[in-house]
2 protein chains.
Amino acid sequence: MTETEEASNIAESAGIVETQYYRYNPLPGTFLMENGLSLPFIDVAYETYGVLNPLKDNAILITHAFSGDAHAAGYHENDKKPGWWDNMIGPGKAFDTNRFFIICSNVVGGCQGTTGPCSVNPETGEPYGLSFPLVTIRDMVEVQHSLVLSLGIEKLHSVAGGSMGGMQVLQWMASYPDMVKSAIPIATAAKHSSQQIAFNEVGRQAIMSDPNWNNGQYYHGASPAVGLALARMVGHITYMSDQSMETKFGRKQKSEKNPLKFAANFEIEGYLHYRGTSFVKRFDANAYLYISKAMDLFDLAGDEPLHKVFRGACMKVLVISFKSDWLYPSYQALDIVRACKLAGLATSYVEIDAKYGHDSFLVETEKESQLISHFLNKVE
Amino acid sequence: MTETEEASNIAESAGIVETQYYRYNPLPGTFLMENGLSLPFIDVAYETYGVLNPLKDNAILITHAFSGDAHAAGYHENDKKPGWWDNMIGPGKAFDTNRFFIICSNVVGGCQGTTGPCSVNPETGEPYGLSFPLVTIRDMVEVQHSLVLSLGIEKLHSVAGGSMGGMQVLQWMASYPDMVKSAIPIATAAKHSSQQIAFNEVGRQAIMSDPNWNNGQYYHGASPAVGLALARMVGHITYMSDQSMETKFGRKQKSEKNPLKFAANFEIEGYLHYRGTSFVKRFDANAYLYISKAMDLFDLAGDEPLHKVFRGACMKVLVISFKSDWLYPSYQALDIVRACKLAGLATSYVEIDAKYGHDSFLVETEKESQLISHFLNKVE
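Note that the coordinates shown come from a computational prediction; the quantities given were computed from them, not determined experimentally.

*Asks:* Explain the overall build of chain A to me, using residue names and the numbers behind them.
*Replies:* Helix and strand counts for chain A stand at eleven helices and 14 strands. Radius of gyration (C-alpha) of chain A: 21 Å, near the 21 Å computed for a compact globule of 380 residues. Expressed as a percentage of contacts within chain A between residues at least 6 apart in sequence, the contacts between residues at least 24 apart total 73%.

This is the structure we're talking about:
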């Protein structure tokens, strides 16, 4: 990329952005995690794009997926790569920063700026590790809620996110229906299926089987990088479709073959190794355990029929799924659509005929952009 | 089970059976593995059910899947469980032992009686480990071919098998078309897709990441049980369908919960652990590497169009796939069907509307039985 191209990419984006921090410091006893434990305080990493209007009614909250972070759009100073949803958030884009004030924060239990198991426990001076309480999707939303209020915002124009981000959207609809004018759950489910739990459990076992994991106490030594990379490899298979993998890699072999018997000589093998090892540089193994468990434990309605959790709500809803997404198949989106309609919510649903599997919501965004842009215009 | 029930199960099966052994001891230079290396000899574990007729023209070869073995039907003395395809092989069953002489042998490179990486190298007195040459599907078929000839059989009524067994069936059709009157490849592919390679690579990495693996030299110490169990867990997810997993386990939790944070409290998690740890008792980690690699390397036609490998052949073919099998999806079966038809072979194809995913060929056998029984009757 030339410097001119770089400058033009930045100009078309939300520009140079910075991560900000908010300390959620509730009065004693006012905030408990869902499982009854509490934390002395929670630091929240977040970013905003666009300008909050004087009425403070143009804010949209973006909720991130499993391995996402607060850096959803624009460029950090000196970075070559923009935020994870930069193709969707920016001037004139689906989440139009010329009109909307976009907020994205890292989830509690994560490892990218918001307090999580790798953060230092102020009471001991040591990283929490496994002493960090189990985190739920509801806890993530509680922390976002306090962040939104701290910005003086009482009503969100929309909450939108894919995958685990979509779970947070559903939780917002249930927990704070009066604060949400519209909601966009994408490629998500109101509860994990057996198969989704199974894949996550394999990832967790890969991490916990790594001798370096050491029951979560590895922050002073070598990290369980091998186990975490393996977990990510499994994850990556589930994020792609059979077809997109076949188109990209097929049975192609590397040009320089490693003569060792079980070397990764197929390109797809090398790609998975690459994704595994690069993930290790930016993600914490304990956070992987906590966040994947939060997804597995998520069951928005529990024993109730799903539509009952939306009773009394009146937001507009746009549900999106992707045809080739076999990790969050469309039947799970349809469960959400049915519940929203039964609850009387104005609900649109589109299954986009995309090829990239679960990753489609991040990479194959043309139709998704049009749908969201159109939907946000209709929200009062 | 009462003793009477047990006796009745045995009576309806191929009965009490014993594994036999055949030593394939080719003259020097007459048998090379596909990659050019050779072994001093290969011991082959095999079983037979039914009686070979005087014309020796009623033999059917059954080829097993990844973790299968020679014990396809009947009961070993004092065993409670029959062979792995006992619901398909026996008196009056699809592979009717009243009419046919059924042969099933463990593949070379395996660990259930046939020479493989855990066998002792007679030249060193130590297990081969990684000094065992890479094995291919063609090598497996060469060894079966010599076994069949050693039994005095020059023409097989049929060759049939599912999954990796189906690959061997296809290889038989290509390598020994004149010896095969009919062929039944089930839930299989003429070459692995990128996604199939990807899942196998995760399994291999799980094994090779286990410190006990020790570059394959673990036969005098602790085995890489944790890595092998993890590999099997991944495998098991791919063998089941989303639907069958949901029906069997859903989000059910164990009645006695383990209070540890990341304990396997969902039933599906416990099931995967159980399948993983029981697999370790009967399977060798190096064999897992060799056999999974053989499947990944299998590419029956290479750069040629698939139908060309069947030219000159004239066997009848029955191709079977299963609707919910997402590991070996029906489009791969259709590639085989198209090639067989282009090669002028009398080919039938059925996609069975089964619910159990890839495992359907082993567990949901009612329609499969009818199809195969009918097909075998039509073969001259």
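*Asks:* Please provide a residue-by-residue account of the interface of chain A and chain B, values included.
*Replies:* Each partner contributes residues to the interface: chain A has 41 residues there, and chain B has 41 residues. Breaking the side of chain A that touches chain B down by element, the ones donating at least two residues are α4 (194-209), α5 (225-239), α6 (242-248), α7 (267-282) and α8 (285-297) of chain A. Here the side of chain A that touches chain B takes twelve residues from α4(A), the largest share from any one element.

*Asks:* Go over the sheet that holds strand β13 (residues 316-322) of chain A, please, and point to the residues and values.
*Replies:* Residues and elements named next belong to chain A. As summarised here, the arrangement of the eight strands in space is β2-β3-β8-β4-β11-β12-β13-β14, forming an open sheet in which the pairing is mixed. On the outer flanks of this sheet lie β2 (20-24) and β14 (347-352), each paired with one strand and no other. The average angle at which neighbouring strand axes cross in this sheet is 20°, direction not considered. Strand direction decides the pairing type here: β2 and strand β3 (residues 42-49), joined by five bridges, are antiparallel. Across the sheet, residue Arg23 finds its bridge partner in β3, namely Asp43.

*Asks:* Can you explain the packing of α5(A) against α7(A)? Please cite residues and give values.
*Replies:* Residue and element names in this part refer to chain A. Relative to each other, α5 and α7 sit at 125°, their axes nearing to 8 Å. Viewed along their axes, α5 and α7 adopt a mutual orientation that is oblique. By crossing handedness, the relation of α5 to α7 is classed as right-handed. Judged by residue contacts, Ala225, Leu228, Ala229, Leu230, Arg232, Met233 and His236 of α5 engage Leu272, Arg275, Gly276, Thr277, Phe279 and Val280 from α7.

*Asks:* Pulling in residues and values, what's your account of the sheet that holds strand β6 (residues 101-105) of chain B?
*Replies:* All names here are of chain B. Taken together, the eight strands give an open sheet; going across it, the order is β1-β2-β6-β3-β9-β10-β11-β12, and neighbouring strands pair in mixed fashion. Of all the strands in the sheet, just β1 (20-24) and β12 (347-352) have a single pairing partner and so form its edges. Neighbour-to-neighbour, the strand axes of the sheet open up by a mean angle of 20°, direction not taken into account. With four bridges connecting them, strand β3 (residues 59-63) and strand β9 (residues 158-162) associate as parallel partners.

So, how was this worked out
Residues numbered from 1 in each chain as written. Chains lettered and ligands numbered in written order. Predicted model: local features only at pLDDT ≥ 70, side-chain atom pairs only at ≥ 80, totals over all residues. Helix = DSSP H or I, 4+ residues; strand = E, 2+ residues; numbered from the N terminus. Rg over C-alpha atoms; globule rule 2.2 N^0.38 Å. Contact = placed C-beta atoms within 7 Å. Pairing = 2+ DSSP bridges. Axes fitted to C-alpha atoms, helices over the stretch in contact; angles between N-to-C directions. Parallel < 35°, antiparallel > 145°, perpendicular 65-115°, else oblique. Left-handed = near helix turned anticlockwise from the far one by under 90°.

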